[in-house]
Each structure stands twice: as C-alpha cells, then as structure tokens.
Amino acid sequence: MHSWTTQDMPSQEGRLAVVTGAGSGIGYVTARELARAGAEVVMAGRDEGRMRDAARRAAAEVPGARVRPELLDLADLSSVEAFSELLGRAGRPVNLLVNNAAVMAVPERRTTVDDFELTVGVNHLGHFALTGRLLPLLLRAPGSRVVTVSAAIARSPLADPSDLQSTRHYRPMAAYAKSKLANVLFALELQRRADAAGAGPVSVAVHPGSSLTGLQRHLSRPVRRLADLALERFVGQPVEAAALPSLYAGTAPGIAPGGFYGPTGRFEARGAPGPVELPTAAGDTARARALWETSEALTRVPYIWPGAPYFEEEHPF
C-alpha cells in the first residue's frame, strides 16, 4: 500500500475544521497540518492560555495558517454548549470535526462537572454532546466528516461498557478501554443514523497506534518511564506519524463510511494509515444503539435528523 503522508492530503482551502484537544500531541499536529493544507481550523481545548500558545506556535510553524483558539472543556456540558453556540452564531458550515481529546489512566474515580465518571465523560459523553450540538453545522456542509479518535485498547477484554461509568468498580485502564470502545460504537451508530436520515456527515473511527503524548501523564512514574522507553525505542512512532490516521480519515478520498482506520504496520503500532479491523464488540448494533440512547439521556443532547425516524426505546446500561 502507498505510504500516505501529509503530502498526499487534498487541498483544504475553503473548509472549516474543528479539532478537540488541539493544545498538544496528536490534536496539535492534526490542527497544524489541516491548516497547512489550507483549512481554517478551530483549535479547541480546556486551557485558554495553552490554546493561545498552541495557536501562536501553529501560526509560526505554518506562515499564513488560519487557526484560532477556542475554549472547550469536555468535562463540562455547559462549556460544550457555549462553544457550540459560538460556532452556531457565526453560522459557518463545519466540514470536519475531529473528536480527538482524551484522558487516560486517571488513578482514582473522579467525576466531571455533570457528575459523569471523568474518563468516559470526557472521551465519550463530551464528544457525543459536542457532535450533536454541531450537527446542524455539519449538515450544512456537503461531504462533511466526523473523525472520532479511539485506541487499539478498544479491542481489549477490559473494554466492557456494561458498567459505563464504573460505578461498581473503578480501574484506570478499564475506564479508558471502555471509553475507547464507546468511541467506536458511537462512530458507527452515528453513520447508521446518518444513513437512515439520508443526510449527515461521514462518520469514521481511528486509532493512532503507539506514541508519546500527554495521555501518559497519569501513569505512575516507574510505569511512565517504562512506557516512554518502549514507545521511543521499540514499538512507537513520533506524534507526527500518530496524527496521520486522523488526517487520512478526515481528508483522503474514498474513505468508507463507518470505517476504522489506523497504522497498518506491525501490531498496528506504527506504519502508514489505512483500514484496520474493527473491535469485535463494535459489531453489536444493539449495544451501540443502547449506548446512543443512554448518552442522549445523560447529556440531554438529542440528535435532530431531517426526515429520520424517532427512536423511542431506551436501553440504559
């Protein structure tokens, strides 16, 4: 397979992209490279100062880049609403939404402003609410896409969303794994609902392989050192390469709706981006629908589809 790089990215002139978690790591590189290709990019994150610094850095690295930082805290649904209203008032169609922000391995069970378990609250529920609130703007853009960043751990036995918010038992990596499976279930269900409505964005999930990013900050110091060594020297890849699946899924022609994309090298830890195997659990459409309905109930963000059937059944976890 041709080793797709940012040099293969089609021009993004005239397009508006929103990237969450764009202050550092994969989100920052994704935003910067979209801007390099000509897109106007909203760099969204929860730390206002950090986002301003990231936007200045992107503008310095890509002369003429059209980037703007905006405050978005996915652990606070009122912040999601305010951010969405800000874009809504501008009224410009959104061509690409990259649901990238995440937290991992939070050592003890913490909760968001809205009393959701923090990992699933940020990684899944915050993005579910954001995508639903931006749906009118995505519907206005022909050929719009939603790219939701999952992780290879979505295939792990730890990824059991039956106790979605870890109320019975909390384990840091299990919480992360279930949130990453939720990302894939969400992306596929979003595509099914868009298909049923005959309108809406192309929805895909990606995983970035292995790379050193800010996600490792919650690991214990010895584990973090071991992870750093392994990722740097043996199985990992630079963050610029880890951003390629998101950029590929968001811009390349011929992307399959409801697909899953990631590195295609050994163990999917590194390599050129391309189609990869979905987690087995992602084929459970009943679970995906149940997760969707639970997410709507928890976030109070309904998705309004033109001409789509109204789904009344609820299947809470």
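It should be emphasised that the depicted structure is a prediction, and the values quoted were computed from it without experimental measurement.

1. Topic: the pairing of strand 3 (residues 66–71)
Piece 1. As defined by bridge partners, strand 2 (residues 40–45) adjoins strand 3 across 6 bridges and the pair is classed as parallel. Pairing of V42 across the sheet is with R68, part of strand 3.
Piece 2. In the classification by handedness, the crossover that spans strand 2, the intervening helix 2 (residues 48–61) and the parallel strand 3 is right-handed.

2. Considerations on the packing of helix 4 (residues 118–139) against helix 5 (residues 172–197)
Piece 1. Contact pair helix 4 / helix 5: the axes reach a minimum separation of 7 Å and the direction vectors enclose 20°. The angle between the axes of helix 4 and helix 5 places the two elements in the roughly parallel class. For the pair helix 4 and helix 5, the crossing hand works out as right-handed. Within the contact between the two elements, helix 4 uses T119, V120, N123, H124, F128 and T131 and helix 5 uses A175, Y176, S179, K180, A182, N183, F186 and L190.
Piece 2. Among the residues making up the contact of helix 4 with helix 5, the classes are represented as 7 nonpolar, 6 polar and 1 charged.

3. Section: the confidence of the model for the protein chain
Piece 1. Chain-level statistics for the protein chain give a pLDDT mean of 91 and a share of 88% at 70 or above.
Piece 2. Helix 6 (residues 221–233) is the least confidently modelled element of the protein chain, averaging 48 in pLDDT, while strand 1 (residues 16–20) averages 99, the highest of any element.
Piece 3. Throughout residues 310–317 the model reports pLDDT below 50, and contacts reaching past four residues in sequence, or to other chains, amount to 17 contacts.

The rules behind each value
- Sequence order sets the numbering: in each chain, residues are counted from 1 along the sequence as written.
- Two thresholds apply to this predicted model, a pLDDT of at least 70 for residue-level local features and 80 or more for giving and counting side-chain atom pairs, whereas whole-chain, interface and lining totals are computed over all residues.
- The side-chain figures draw on all heavy atoms in the structure; neither hydrogens nor water molecules are used.
- The criterion for strand pairing is that DSSP finds at least two bridges linking the strands in question.
- Secondary structure elements follow DSSP: runs of H or I of four or more residues count as helices, runs of E of two or more count as strands, with numbering from the N terminus.
- Every crossover in which the path from the first strand over the helix to the second runs clockwise, viewed with the strands pointing away from the viewer, is termed right-handed.
- For every element, the axis is a line fit to its C-alpha atoms; helices are fit only across the contacting stretch, and the angle between N-to-C directions ranges from 0 to 180 degrees.
- Roughly parallel means an angle under 35 degrees; roughly antiparallel, over 145; roughly perpendicular, 65 to 115; everything else is oblique.
- Each crossing is labelled by how the near helix is turned from the far one, with a counterclockwise turn of less than a right angle marking it left-handed and a clockwise turn marking it right-handed.
- In what follows, a contact means two residues having at least one pair of non-hydrogen atoms within 4.5 Å.
- Ten residues, namely Ala, Val, Leu, Ile, Met, Phe, Trp, Tyr, Cys and Pro, are considered nonpolar, four, namely Asp, Glu, Lys and Arg, are considered charged, and the remaining ones, Gly among them, are considered polar.
- A residue's pLDDT is simply how confident the predictor is in it, with values from 0 to 100.

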